[in-house]
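The lines below spell out each chain.
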Amino acid sequence: MASTESSSPTMRVSRQDGSVLVMGRMSTRVSAWIRSPAADAVLALALAAHSQLEIWWPALTLGGSNASGLKAVLVPTALLATLPLALRRQVPFAVLCIVMGAVAFQALLTTPLEGMSGLVALVVAVYSLAAHSERRLALAGLAIALVAGTLLIAEDPADFPFDLFVIGAPWLGGRALRTSRLRARELETLTAELASER
């Protein structure tokens with residue numbers, strides 16, 4: 001009886017250690033998948049599908065939408081504003097230009113779609129540009145987004161603070177993350193160099 005009681009804590013510790021190990025592996029795999037091209041493709045497809053729901057069945061979408069514009073314009077421009085996000089890490093500057101161009105053309109040609117998919121696509125595109133581009137391209141993309149956003153709200157300047165926040169906040173967040181990653185890589189390189197010198 002005593003031996004059973006003494007081994008019980010050890011069994012509990014072993015099980016806890018095993019659970020921690022399994023959770024750690026799962027966390028690593030999930031984290032790696034989130035940073036993979038597959039995750040970007042899923043995101044792009046999900047936003048594209050949601051944008052089409054906003055056009056054809058707005059009652060089924062998150063937050064609803066206003067799809068009073070010409071569907072012949074809304075459908076292709078909504079797809080152009082979302083599907084390129086599948087390549088947001090590989091060619092972030094091109095993706096931002098395509099997304100902003102699609103949003104601009106939609107606003108110029110018809111009553112723009114007012115829904116979550118376009119807003120999320122814009123935020124993701126701006127963030128991706130800042131997080132995965134060199135400083136020169138990141139600044140150029142920011143300027144393009146700000147100019148395009150200003151032109152799109154020319155009829156209602158009261159929307160400028162909101163547009164500035166939607167563009168500026170993800171850009172600053174992306175740059176902060178990029179700086180943090182670059183510093184982490186520099187520390188890893190320095191640590192490896194010091195270790196090799198020993």
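Residues numbered from 1 in each chain as written. Predicted model: local features only at pLDDT ≥ 70, side-chain atom pairs only at ≥ 80, totals over all residues. Heavy atoms only, no water.

S.K.: Any details on helix α5 (residues 116-132)? Residues and values, ideally.
M.R.: For α5, which comprises 17 residues, the first-to-last C-alpha distance of 24 Å matches the rise-based estimate of 24 Å (1.5 Å per residue) to within 8%. Along α5, the residues that are buried comprise S117, A121, L122, V124, A125, V126, S128, L129, A130 and A131. Each element contacted by the buried residues of α5 is listed here: α2 (37-56), α3 (71-82), α4 (92-109), α6 (135-152) and α7 (160-197). (Helix = DSSP H or I, 4+ residues; strand = E, 2+ residues; numbered from the N terminus. Expected span 1.5 Å × (residues − 1). Buried < 20%, exposed > 50% of the residue type's maximum accessible area, 1.4 Å probe, protein only. Contact = heavy atoms within 4.5 Å.)

S.K.: Quick rundown of the packing of α6 against α7? Include the residues and the values.
M.R.: In contact at an axis separation of 10 Å, α6 and α7 are set at 165° when each is read in the N-to-C sense. Here α6 lies roughly antiparallel to α7, going by the angle between them. Of the two possible hands of crossing, α6 and α7 adopt the one that is right-handed. Within the contact between the two elements, α6 uses R135, A138, L139, L142, A145, L146, G149 and T150 and α7 uses F160, D163, L164, I167, W171 and R175. Classifying every residue of the contact of α6 with α7 gives nine nonpolar, two polar and three charged. (Axes fitted to C-alpha atoms, helices over the stretch in contact; angles between N-to-C directions. Parallel < 35°, antiparallel > 145°, perpendicular 65-115°, else oblique. Left-handed = near helix turned anticlockwise from the far one by under 90°. Nonpolar A, V, L, I, M, F, W, Y, C, P; charged D, E, K, R; others polar.)

S.K.: Summarise the confidence of the model for the protein chain; cite the residues concerned and give the values.
M.R.: Residues at a pLDDT of 70 or more form 83% of the protein chain, whose mean pLDDT is 84. Mean pLDDT values over the elements of the protein chain span from 58, in helix α1 (residues 2-34), up to 96, in α3. Counting contacts from residues 1-7, a segment whose pLDDT is below 50, to residues more than four positions away or on other chains yields zero contacts. This model gives residues 9-13 a pLDDT under 50, and the stretch forms zero contacts once residues within four places in sequence are excluded. (pLDDT = per-residue confidence, 0-100.)

S.K.: Explain the packing of α4 against α6 to me, and be specific about the residues and the numbers.
M.R.: Across the interface, α4 lies against α6 with an axial gap of 10 Å and an inter-helix angle of 5°. Taken together, the axes of α4 and α6 lie roughly parallel to each other. Between α4 and α6, the residues in contact are F93, L96, C97, M100, V103, A104 and A107 and L137, A140, G141, I144, A145, A148, G149 and L152, respectively. Here the residues of the contact of α4 with α6 sort into 13 nonpolar, two polar and no charged.

S.K.: Before we move on, could you go through the pattern of salt bridges and cite the residues and values that matter?
M.R.: Taken as a whole and assessed by the stated rule, the structure comprises three salt bridges. Two residues, D40 and R89, come together in a salt bridge whose shortest N-O distance is 2.7 Å. Here the residue D40 occupies a position in helix α2, and R89 occupies one in the loop between α3 and α4, the gap between them amounting to 49 residues. Since its relative accessible area comes to 2%, D40 is described here as buried. The residue R178 makes a salt bridge to E134 at a minimum N-O spacing of 3.1 Å. Here E134 lies in the loop between α5 and α6 and R178 lies in helix α7, a separation of 44 residues in the sequence. Given the relative accessible area of 54%, E134 is considered exposed. Within the structure, one salt-bridge network assembled from shared partners comprises D40, R88 and R89. (Salt bridge = Lys/Arg side-chain N within 4 Å of Asp/Glu carboxyl O.)

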